[in-house]
Amino acid sequence: MEVTLLVNGIEHTIHVEPRRLLADVLRQDLGLFGTHLGCEHGVCGACTVLVDGEPTRSCLVFAVQMEGQEIETIEGIDPDDPVARAFKEAHGLQCGFCTPAFVLTVSHLLREDPDPDEETIREAISGNICRCTGYVNIVKAVRVAAASSAGE
Amino acid sequence: MLGQPIRRLEDDRLIFGRGRYLDDRNALGQYHLRLERSNVPNGRVVDIRVGEQAPLPRGALVVTGKDVDLAVHTIVDLPMAHEAPQPVLAGERVRFVGEPVVAVLHPDPYTVEDAAEAVTVDIEPHEPVTGILEALEPGSSRVHDDWPDNIHVRRIQRYGDLDAARAEANRSVRRVFRTNRQAGVPLENRGCLAVPEPDGRLTLWSSTQVPHLVRTYVAAELGMPEHSLRVVAPDVGGGFGVKGHVFGEEVLVAWLARELGAPVKWVEDRREHLLASIHGRDHLHAVEALVTDDGKVLGIRVQLLVDAGAYSVFPWSAGSDSGMAAKVLLGPYDIQHYEVEDIAVATNKCPLGTYRGVGRPSAVFTMERLMDEIGRELDLDPVEVRRRNVIRSFPYRTANGLPLDSGSYAESLDVIEREVDIPALRREQEGRSADSRAIGIGIALFNEQTAHGTPDFTPRRVPIESGYESVTVSMDAHGLVSVLTGLQSHGQSHETTFAQVAAHELRVPVESVRVQHGDTATSAYTVGTWGSRGAVLGGGATARAARRLRAKLFGIAAHELGVSTEDLELRDGGVGVRGKPDEVTMAQLGYWANRQVAKLPEGMEPGLHATVFLDGPERGTHSNSCHAAVVEVDRDTGKVRLLRYVVVEDCGVMINPMVVDGQVHGGVAQGIGSALLEESVYVEGGQPVSTTFMDYLLPSSQDVPHIEVHHLVTPSPLTEYGMKGMGEAGAIGPMAAVANAVADALGVFVQETPLRMHRVWELLEDHPPRWTFDRLVAVPTLAEFWKGDVDVRRT
Amino acid sequence: MKPPPFRYVRPSSVDEALAALSEHGDEAKVIAGGQSLVPMMNLRLARPAVLVDINTLPLDDVHVEDDRLRLGATVRQSRLIADERIGAAVPLLSRCARFIAHPAIRTRGTVCGSLCHADPTAELPLASVLLGGRVQLSSTRGTREVEADRFFVGAFTTTVEPDELVVGVTFPVERDDARVSFVEISERAGDFALAAVAARVTLSNGALDDVAIGVAGGGAAPVRATAAEDLLAGAEPSAEALRQAASVAVDGVEPAGDVHASAGFRRRLLGVMVERGLQEAIAGAMS
C-alpha cells in the first residue's frame, strides 16, 4: 500500500505492507533510528512518538493508518530544546535507550502543564519505563526544564 | 576534574536519538534469523516438519540441530561438577521452555516470523523437573539423562570451630529464606549481526558487555583463528549482567553467516527475553545463627540452594550464584565460625545467569532478615543488633579468608540514624496500631566485593580465569587524547569518567578526550564490564597509562626546554618550567612525538601510546552501603507503598559523584522491583507464565520513590585513587530493606520475595511460611549437612 | 514480535464500513484505537484476515440529547478527561478514565473500543454497567441498541455480531444530587485491575436513597451487586452497613484465581473495594 507520512515536517511517500508498524517504518524505511523498540506490546513506552502533538506508542499503530497526520520523532527536536538540555544537565539518562521517548513525553507534559509538581510528573511519565536511572534524575530533568523555560 | 560531577560527553548523541544500538545496524543482503523454541519443559524432539501448518514463504531457509553441531560449553574444572553444554539448536533433547530448536531465515523481519510458523516441531514430553526440592528427591526425573542426580555442582566449606561456637552460644536462631526467580530486563533486548567480510574474516556486532569473551569463544567454537573475528559492541541499551554472557545465538549467527556467505541478524523479542535469556535470583537458604543473649552472632551454618536451570551459562557457570553467596554471606559482620554448603540445582527452567548483584542480593536478604529476626527474639532494635556485630577495624580477614581492606560499616549506621528519625517513626507506628495502614522501617547493611583480581577467579575453575582490564591511552599529532578499551559502557558513563581520569592526569580539556570502547579491533584483551569493576580497573588503568604518557611528554619537553624533568609541571594544555613562563603545548608535543621525531631526545621511541593491563586487588576491594526503607502497608489489600528510601554509600574515592548517584538510583529501582514486583513464575507442569510485560511487572515512576543518597568516603588502600566499585550495590540492598520494613510494619515473619500483594495478604492471613527446615531435611541429600543435630525440627 | 499479514480496508463512510463487515464476516476486525488489538496481533494471538479502520469516519461526536450523553465510536478515552461537557453530564466517566492504563494509551484508545474488548476488569465496561449505558450497533441489516448489562456476555466476549459495527454509546445524564465514585486496586498504577468498583449514591435525610454498585474482577463480566444495593436502600450509611453490604456483594461473585491473585484473595479485594467505593461516594454526597 502506498502511504504518505509527514514526519518532522517532511513528506515521505512510501510503499509498505499494511501490517508494518509505524515504529518499524520510521526506523527501517526512513532511517530514523531514534525511536526504539523495547517490548512491541505497548507497555514500555520506548517507541513513543508524537502524533498530532500527542504521545503515541508507535509499536501499536500501523504506518498506513498515519496518512495525513503529523508525526514528530526525536530527530525533529531542536538542538537547543530546553527539555533535551535538561536531561543532560540533570543526568537523566544512562544507557539512553528510553531517553528519546521520555524527551518527547516530557515535552508534551510541559506544554500542557508548565510547572508540574512531583506527583504530576511521576504520573505523566508512568507509562515510560526506564531501567537505568530509577527515575530520580528524570524527575529532576523535568523540574530543570520547567524552570529553564520559565526563566526564558 | 577528579571528583567533579561533570555532565556526560555521551549525552548529546544519546538524547537526540543518534545512539546506534544493535537493531539500528543493517547489512546489505542480510538474513533475519527467527528461532522456533521449545514449548515443552522437558522432552525428546521426535520430528520437525516444514510447510504443514502454513506454507514456507519463498526465500526462507530452515536449519535444525541436525545441520549444526555447536554448543556453548562451560567447562567447570571441579571434580564434583557436572557438564551441561547447551547446543545452539537442540539435538534430541529439549530441557526448558524457550530452548532454541529450529532456526528460520528470511531477508524480511516480518516474513521470517511467518516462515517460523510454517515449522512444526513434535516433542515427546518427559516428566519435567520443576521444583528446587523436588529436583533433589531420590526418585526425581532427570534434567540431564547421564547425570546421577540434578546437581550442577555442590560444595561444602568449613571455617573456624562451629561446635565451639555452639557451646558458647545461648541460643540458635534458624530460619529459611527464599528470593524467587526473576529476569534481568534491560530495556534493549539482546541481538547480534554477523557480517562476513570479503577477505574471509567475520565481524560480529553484538549487544554485549563482554566483546572479547564473545570473540574468544565464538572463534574457538567455529574453528577460526581469533584474529579473523572482530566483535563490536555498539551502543548497548542496558546490560545489568544479562549481556555479560556468551550466548548460543551469537555462535549460531556467526556460523550461519559463514555458511551462507551473507550477513545474518538476530534481534531478540521481549517474549524471548523473558523466557530464554537468563534468569536471576532463585535462591533458597536455610540458615542457623549461634547467638549469645547479648545479640552477638558467634557462628553461622547455612545451606544455600540455587535453582540454576537446565544449562550452565558461559563463562560464569551454573554454580556462580550459589558460590558467590557462600563466599560473601558473612558480610560486614565479625563472625569467625562458618559452615556453608552451596548447591546449584538443575531444573527444566531457563538457565540462571549473573544478574546485577548475582548471589549477593540473596545472601544479603538472608543475613539482614536474620539480623532482624535475632533482634526480634532478643528485643534489640535493628540498628543495635547490627552495631553489636559489625566489623570495626580494618583490614579484617573473614572466616573464609576474604581480606576486607577498609570500610565504614558502623559509621553508615550512624548516618542512617541521623537521616531517619526512627524514634518518631516508632511513635507513629504506635499511633497507627488500629489503622488499616501500617508503617514500618527496614534496614539492610552490607558490603560488596568489587573489582575482583585474578586470584579470586582461579579457584572457581570456570572459564573466567582472570580479573585484569586493559586500557590504551594515546595522544595524536594535534595533542588530542584517545582512550581505547574493551570495557564496554552500557550506561556506566565510561566515555565521561575515563575521560575525566585522562584529563586529570594530563591536564587536558575533558571534552577533548575521546573514549572508544567495546571493539575488539581497537582494544587489548579485557574480560568486560560487569562485577562493579569498570571505574576501579578501567579508570585505574587509564590513570596509569596516562601517567606513562605524562612521563614521556615530560621527557620531550625537558629536551626541548633544556631543563631536567624535575623542573617541569603540567599546565592547562601544555608542560612548562616551574616558576618560569617557558612552556610547550600539548599540540607541539603531540606533533613532535608522532611526526617531527627529530625533536625527540636521543634514544626515545617515537609515538605517544601506552597500554596498561591492570589486575584487580587479589580478592578485590570492598565497598559498603546501608539502605533504609520506610514503607506503608495497606492491611486490607496487602499493597506496599514506599514512603522513603535512604542510601548511605561508601565506594571510596569517586571519579564522578553524579554518575555514582545515578548508578545507586538505578540499582535501587531494580532492587525495589525484586522486592515487590518482579518474578518469573513457572506453574505446575513447568510452564513459564511471565512472558510479557502484562505479567512481568517492572517498577515505574510511581513505584520508585525519591531516593536519598549520602556518601561516606573511605578510600581503598589497594586501588588507584582509592576507588571501590559500586555498580551493583544499589540492587543488592532493597530486597532485605523492604522485606524488613514490611515485617516491621506488620509484626510478621517475612520469608519470600517479591512481596506482591497476594504474598502480603498471605502474611496478613497468617498463612504458615511455605518453606521450612522440615521440608528441606526431608530431602535425604540435604539432611546430611544438618546431621548430628538433636533439634533439627525447630524452625 | 511482528503481526501476521492482513488486508487493510479504510472505508470513507459508515455504509462502506458496514458493507466491508458484511462481506468479510468474522474474518474481519474493526480497528479504532488499537491499543488492545495491536498488542494481540503483535503477539500473534489475534489474526484477523481483514482490518477495517474506522478512525477517519465521522464518529467522534459528543453531544447530549434526550437526557442522554452520546459518545461516537471513535471518541478517545483521553477526551473523557479533557472534555468538560462529559465530566459535567456523566461524572463517572471522567472519574474512571483516570485509571485507564497510561496517558499515551488513552490518547488513541476509544471508549467504544474498550467496551468491545470487554476485558472483565476494565474500567469502561464496569462504568457502563453501573450507569445503564446503551450500545448502538449498526450493520447492513439495520441498527439496534443493547443495554450494557446484556452487552457483556463473558470474558472478552460481547453480543456484537461479526457484521456489526458499534457506532456509539449513550449514558443517562447524571442526577444533580447523585454522587459517584470509582476505585480499583492493582499491583501497579495503570495495570489491569484485580478488583474495581463503581458506585453511585443519593442521600435523603441522612439515609441512602438510591444506591448502585458495580463490581469488576468478580467473574467474567462486570455486574451490579443487586443484593448489596437492596440491603442499603433506605439504610443509614454506617460503617457496619457498608461492611455488611460489601460482604453480601462478595457472596454474589465467583472470581477466578491465577498467578497474580487467588480466588480467595480477589474476593477479599472486592469486598474492600466495595466498602471504599461506597465510602467515597457517600463522602461526596455529604459534602
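Each value, and the rule that gives it
Residues numbered from 1 in each chain as written. Chains lettered and ligands numbered in written order. Predicted model: local features only at pLDDT ≥ 70, side-chain atom pairs only at ≥ 80, totals over all residues. Heavy atoms only, no water. Salt bridge = Lys/Arg side-chain N within 4 Å of Asp/Glu carboxyl O. Helix = DSSP H or I, 4+ residues; strand = E, 2+ residues; numbered from the N terminus. Buried < 20%, exposed > 50% of the residue type's maximum accessible area, 1.4 Å probe, protein only. Pairing = 2+ DSSP bridges. Right-handed = clockwise from strand over helix to strand, strands pointing away. Patch = residues over 30% accessible without salt bridge, like charges linked within 9 Å, V, L, I, M, F, W, Y side chains within 5 Å. Areas by Shrake-Rupley, 256 points an atom, 1.4 Å probe, with all protein chains shown as cover. Lys, Arg positive; Asp, Glu negative; His and termini not counted. Charge placed at Lys NZ, Arg CZ, Asp CG, Glu CD. Contact = heavy atoms within 4.5 Å. Buried area = accessible area lost by both parts, 1.4 Å probe. Polar contact = N/O pair within 3.5 Å; in protein donor to acceptor, adjacent residues only side chain to side chain. Domains from an automatic or database assignment. Axes fitted to C-alpha atoms, helices over the stretch in contact; angles between N-to-C directions. Phe/Tyr/Trp six-rings, centres within 6.5 Å; stacked < 30°, edge-to-face > 60°. Lys NZ or Arg CZ within 6 Å of the ring centre and 35° of its normal.

**Some thoughts on the pattern of salt bridges**
For the coordinates displayed, the defined rule picks out 98 salt bridges over all chains. For Glu288(B), the salt bridge is made with Arg301(B), and the minimal N-O distance between the two is 3.0 Å. Highlighted residues: Glu288(B) in strand β15 (residues 279–291) and Arg301(B) in strand β16 (residues 297–307), separated in sequence by 13 residues. On the basis of relative accessible area, Glu288(B) is assigned to the buried category, the value being 1%. The exposure class assigned to Arg301(B) is buried, which follows from its relative accessible area of 5%. Between Arg243(C) and Glu240(C) there is a salt bridge, and its shortest N-O distance comes to 2.8 Å. Linking Arg243(C) with Glu240(C), this pair stays in helix α11 (residues 239–251), spanning three residues, or about one helical turn.

**Some remarks on the pairing of strand β3 (residues 50–53) of chain C**
All names here are of chain C. Neither face of β3 is exposed, since Val50 and Val52 on one face and Leu51 and Asp53 on the opposite face are all buried. With three bridges joining them, strand β1 (residues 7–9) and β3 adopt parallel strand pairing. When the sheet's bridge partners are listed, Arg7 is paired in β3 with Val50. Sheet topology note: the strand β2 (residues 28–31)/β3 ladder contains four bridges and is parallel. Within β3, the position partnered with Lys29 by the bridge is Leu51. Tracing the backbone out of β2, into helix α2 (residues 37–42) and back to the parallel element β3 gives a crossover that is right-handed.

**Observations regarding a negative patch on the surface**
Taken together, the side chains of Asp115(A), Asp117(A), Glu119(A) and Glu123(A) define an acidic patch exposed on the protein surface. Residue position: Glu123(A) is located in helix α4 (residues 118–124).

**A closer look at the interface of chain C and chain A**
Each partner contributes residues to the interface: chain C has 26 residues there, and chain A has 27 residues. Taking both sides of the interface into account, the surface hidden between chain C and chain A amounts to around 2,200 Å²; carbon and sulfur atoms contribute 58%. The interface formed by chain C and chain A includes two salt bridges. One salt bridge connects Glu40(A) with Lys2(C), and the closest N-O pair in it is separated by 2.6 Å. The interface formed by chain C and chain A contains nine residue pairs in polar contact (both at pLDDT 80 or more). Looking at the side of chain C that touches chain A, the elements with two or more residues in it are α2, β3 and α6 (103–108) of chain C.

**Describing the interface of chain A and chain B**
Each partner contributes to the interface: chain A provides 48 residues, whereas chain B provides 55 residues. For the pairing of chain A and chain B, the buried interface totals around 4,300 Å² over both sides, and the portion due to carbon and sulfur atoms is 56%. Looking at the side of chain A facing chain B, the largest losses of area belong to Lys88(A), His91(A) and Arg131(A), adding up to 20% of the total buried there. At the boundary of chain A and chain B, one finds six salt bridges. Across the salt bridge formed by Glu89(A) and Arg7(B), the nearest N and O atoms sit 2.9 Å from each other. Where chain A packs against chain B, one counts 25 residue pairs in polar contact (both at pLDDT 80 or more).

**A look at the domain arrangement of chain B**
Accessible area lost upon the coming together of the parts serves often as the stated size of an interface. Residues and elements named next belong to chain B. Each assigned domain of chain B is listed here: domain 1 (11–126 + 190–267), domain 2 (154–183 + 278–453 + 618–786) and domain 3 (468–614). Here domain 2 and domain 3 have C-alpha centroids that lie 41 Å from each other. Residue-level contacts link 18 residues of domain 2 with 21 residues of domain 3. In this assembly, domain 2 packs against domain 3 so that about 1,500 Å² is buried in total across both faces, 59% of it on carbon and sulfur atoms. Applying the counting criterion to the domain 2 and domain 3 interface returns two salt bridges.

**What about the sheet that holds strand β29 (residues 640–650) of chain B?**
All names here are of chain B. With mixed pairing, the four strands of this open sheet are ordered in space as β20-β28-β29-β32. For this open sheet the edge positions go to β20 (437–450) and β32 (707–712), each flanked by a neighbour on one side alone. Ignoring which end each strand starts from, the neighbouring axes of this sheet average 15 degrees apart. Contacting β20, β28 (621–634), β29 and β32, helix α10 (residues 409–419) runs over the sheet at an angle of about 30 degrees to β28.

**Notes on the sheet that holds strand β3 (residues 48–51) of chain A**
All names here are of chain A. One open sheet holds the five strands; their spatial order is β2-β1-β5-β3-β4, and the pairing between them is mixed. Strand pairing shows two members of the sheet lacking a second neighbour, β2 (10–15) and β4 (54–57), which therefore form its edges. With direction set aside, neighbouring strand axes in the sheet form an average angle of 40 degrees. Packing of helix α1 (residues 22–29) onto the sheet brings it into contact with β1 (2–7), β2, β3 and β5 (70–72), and relative to β1 it is tilted by some 80 degrees. With respect to the sheet, helix α3 (residues 99–112) is in contact with β3, β4 and β5, its orientation differing from that of β3 by roughly 40 degrees.

**Here we look at the packing of aromatic side chains**
All names here are of chain B. The full count for this structure, using the stated rule, is 16 aromatic pairs over all chains. On the basis of an interplanar angle of 15 degrees and a centroid distance of 6.4 Å, the ring pair of Tyr159 and Tyr338 is categorised as stacked. Pair noted here: Tyr159 is in strand β9 (residues 151–159) and Tyr338 is in strand β17 (residues 337–345), with a separation of 179 residues, a long-range link. Tyr338 gets classed as buried once you look at its relative accessible area, which sits at 0%. Among the aromatic residues, those joined into a ring-pair cluster are Phe177, Phe365 and Phe749. Its end group placed over the ring of Trp205, Arg25 keeps NZ or CZ at 3.5 Å from the ring centre. Positioned above the aromatic ring of Trp592 is the side chain of Lys599, whose terminal nitrogen or guanidinium carbon lies 4.7 Å from the ring centre.

**Quick notes on unusual backbone geometry**
Put simply, Phe314(B) and Pro315(B) share a cis peptide bond, and its omega is 5 degrees. Take Pro315(B): it is sitting in the loop between β16 and α7 (320–328). Residue Pro395(B) is reached from Phe394(B) by a cis peptide bond, and omega for that bond is -5 degrees. The phi dihedral of Glu40(A) falls on the positive side, at around 60 degrees, and the residue is not glycine. Position of Glu40(A) relative to the elements: it lies in the loop between α1 and β3. Backbone geometry places Asp766(B), a non-glycine residue, at a positive phi of 60 degrees. Relative to the helices and strands, Asp766(B) is located in the loop between α19 (757–764) and α20 (773–777).

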